[in-house]
Amino acid sequence: MEHGLFITFEGIEGCGKSTQLKLVADDLKAKGCDVVTTREPGGTVIGDQIRRILLAPEHKNLEPLAELFLYAAARAQHVHELIRPELARGKVVLCDRYVDATRAYQGAARQIDPQILERLIDVPTGGLMPTLTLILDCPVEVGLRRAVTRNAQHPTTKEDRFEREARDFHERVRLGYLAIAKQEPKRVKIIDATGSVESIHQTILQEVDRVVHNSRA
Ligand SMILES: Nc1ncnc2c1ncn2[C@@H]1O[C@H](COP(=O)(O)OP(=O)(O)O)[C@@H](O)[C@H]1O
Ligand SMILES: [Mg+2]
């Protein structure tokens, strides 16, 4: 059994995952928690190589099953090399995307068979699930608009393969996330991500403080 606390951030492109994850990390560090931040795909040197293949806009013909296996490979490395060891050290691990992204993108949006999908989630994770998952929910046009603004502000950040998907793809992703929250209301919390960065942060902190408190009780 891990001693740390595993919290994941999910939601469509541009909903504010990276922004909010950093704010939570800063807040927990200020409160004296030992925090590790990471992301998927990636989180390890090998995972970051796989991330490049997955996000490259020129890989337009990447097969949905090949995509799923690449995510599974990156995740196997991530769970083995980073997430489990850090949890065993008692750290709070904050991860930008995890298994629910596979369900929303490869399941709800790409329509891969749920049985295959769940196997490809279960095997690389060994069943390791987050204690808390925050789904930042906003309309697709809000998220995509934020992502476009972000990419314009950081000329090094190119639009990736997923941001190029059609709008109805992102709608299916959003609905996929909402369905997960309905199925697992204890683990997964929907956070309204349409407000200001600060107001969303306050809502998220209430959820985070609750699980941090419970984990120490
Ligand atoms: N609540 C918010 N209101 C307005 N802009 C936001 C908000 N949250 C994040 N942003 C901005 O939107 C862009 C996308 O946010 P980001 O955290 O990168 O999203 P994600 O990691 O989910 O793709 C960034 O430029 C960020 O500064
Ligand atoms: Mg991000």
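Overview of the structure. (Residues numbered from 1 in each chain as written. Chains lettered and ligands numbered in written order. Predicted model: local features only at pLDDT ≥ 70, side-chain atom pairs only at ≥ 80, totals over all residues. Heavy atoms only, no water.)

1. Topic: the overall build of the protein
Across its full length, the protein holds eight helices and five strands. Along the protein, from the amino end to the carboxyl end, the secondary structure elements read β-α-β-α-α-β-α-α-β-α-α-β-α. On C-alpha atoms alone, the protein measures out to a radius of gyration of 16 Å, which is about the 17 Å that the 2.2 N^0.38 rule sets for 217 residues. The principal-axis extent of the C-alpha atoms belonging to the protein is close to 50 × 40 × 35 Å. When the 217 residues of the protein are sorted by exposure, 51% land in the buried category. If you take every contact in the protein between residues at least 6 apart in sequence, the share linking residues at least 24 apart comes to 80%. Split by element, the accessible area of the protein, about 10,800 Å² in all, is 54% carbon and sulfur. Each charge class in the protein was averaged separately, 31 positive and 31 negative side chains, and the resulting centres sit 1 Å apart. (Helix = DSSP H or I, 4+ residues; strand = E, 2+ residues; numbered from the N terminus. Rg over C-alpha atoms; globule rule 2.2 N^0.38 Å. Buried < 20%, exposed > 50% of the residue type's maximum accessible area, 1.4 Å probe, protein only. Contact = heavy atoms within 4.5 Å. Areas by Shrake-Rupley, 256 points an atom, 1.4 Å probe, with all protein chains shown as cover. Lys, Arg positive; Asp, Glu negative; His and termini not counted. Charge placed at Lys NZ, Arg CZ, Asp CG, Glu CD.)

2. Some words on the sheet that holds strand S3 (residues 92–96)
Read from one edge of the open sheet, five strands run S2-S3-S1-S4-S5, paired in parallel fashion. Where the open sheet ends on each side, the last strands, each with one partner, are strand S2 (35–39) and strand S5 (188–192). Each strand of the sheet is rotated relative to its neighbour by a mean of 20°, with strand direction disregarded. Taken together, the four bridges between strand S1 (residues 5–10) and strand S4 (residues 132–137) define a ladder with parallel strand orientation. Looking at S4, one finds that Phe9 is bridged to Leu134. Docked against the sheet, helix H8 (residues 197–216) engages S1, S4 and S5, running at close to 170° with respect to S4. (Pairing = 2+ DSSP bridges. Axes fitted to C-alpha atoms, helices over the stretch in contact; angles between N-to-C directions.)

3. A short note on the site of ligand 1
In the region of ligand 1, 13 residues are neighbours, and Lys17, Ser18, Thr19, Arg150 and Gly195 sit closest. Within the backbone of Gly14, one N or O atom sits 2.9 Å away from an oxygen atom of ligand 1. At a separation of 2.5 Å, an oxygen atom of ligand 1 approaches a polar side-chain atom of Thr19. Across the complex, the protein chains shield 78% of the 560 Å² of accessible surface that ligand 1 would expose by itself. The element best represented in the shell around ligand 1 is helix H1 (residues 17–30), accounting for three residues. Looking at the shell around ligand 1 residue by residue, the classes come out as four nonpolar, six polar and three charged. (Near = heavy atom within 4 Å. Polar contact = N/O pair within 3.5 Å; in protein donor to acceptor, adjacent residues only side chain to side chain. Nonpolar A, V, L, I, M, F, W, Y, C, P; charged D, E, K, R; others polar.)

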